[in-house]
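Examination of the molecular architecture
The chain contents come next:
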Amino acid sequence: MTFPDWTAVVVEADDAVAAASVLLLAAPVSWLASLAVHPQWRRRGLGRSLVRDAMTRSRVASARWLLLEVDRSHRAAVALYRGERFGLLRRFREEGRWRQEMLRRLGGVCGT
Ligand SMILES: CC(C)(COP(=O)(O)OP(=O)(O)OC[C@H]1O[C@@H](n2cnc3c(N)ncnc32)[C@H](O)[C@@H]1OP(=O)(O)O)[C@@H](O)C(=O)NCCC(=O)NCCS
């Protein structure tokens, strides 16, 4: 286990924040702690780009897995993660909301 390292990625457009992610880099498991795209900039591929960026950064940090939690009601996010081949790890209830952990196995630095 290496010492965790927080990374934030901010995408700017028109002098404002269009999207952002927060990633806790660690080996063997990195954690995508936050991902959001401004409503004005959705459905243009920014969310997918940030997820792929998180996978690349995690591989470089020697992680073998990328973990995240998401509200089950956030259908756009769940569809995005499924499309990027995250698998369901567990479902749980937190403060009245159904949430789930999803996990993506990472290849090597050049892997998928
Ligand atoms: C989830 C979120 C980050 C997606 O960002 P985005 O930039 O709009 O997503 P993309 O344009 O990269 O879309 C990638 C895929 O996600 C899925 N998706 C995105 N928006 C969707 C929607 N409204 N309904 C269904 N699927 C959707 C699709 O599978 C899409 O692939 P496609 O365009 O080939 O159909 C964005 O909707 C968001 O910020 N939501 C609120 C915050 C949130 O839920 N964050 C995740 C917390 S873990």
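Further up the page is the structure itself.
Right, let's walk through the structure included here. Numbering of residues starts from 1 in each chain and follows the order in which that chain's sequence is written. Residue-level local features of this predicted model are given only where pLDDT is at least 70; pairs of side-chain atoms are given and counted only at 80 or more, and the full residue set underlies all totals for whole chains, interfaces and linings. Neither water nor hydrogens contribute to the side-chain values; these are computed over all heavy atoms in the structure.

Brief notes about the pattern of salt bridges
We count it as follows: Each reported salt bridge corresponds to a side-chain nitrogen of Lys or Arg within 4 Å of a carboxyl oxygen of Asp or Glu. Working definition: helices are DSSP H or I runs of at least four residues, strands are E runs of at least two. Numbering for both runs from the N terminus. Remark: exposure states derive from per-residue accessible area (1.4 Å probe, protein chains only) relative to the maximum for the residue type, with buried under 20%, exposed over 50%, and partly exposed in between.
For the structure on display, the rule yields eight salt bridges. The shortest N-O distance in the salt bridge between D53 and R57 comes to 2.8 Å. Here R57 and D53 lie together in helix α1 (residues 46–60), a separation of four residues that amounts to about one turn. Under the relative-accessibility criterion, D53 is labelled partly exposed at 23%. Among the salt bridges present, the one from R99 reaches E94, with a minimum N-O distance of 3.3 Å. Several salt bridges converge on common partners, so that one network encompasses E69, D71, E94, R97 and R99.

Focus: unusual backbone geometry
Put simply, A27 and P28 share a cis peptide bond, and its omega is 10°. Looking at where P28 falls in the secondary structure, it is placed in the loop between β2 (16–25) and β3 (29–37). Although it is not a glycine, D14 adopts a positive phi angle of roughly 50°. You can see D14 is positioned in the loop between β1 (5–13) and β2. Look at D14 and you get exposed, because its relative accessible area is 66%. With a phi angle near 70°, S62 is a residue other than glycine that sits in the positive phi range. One can find S62 in the loop between α1 and β4 (65–71).

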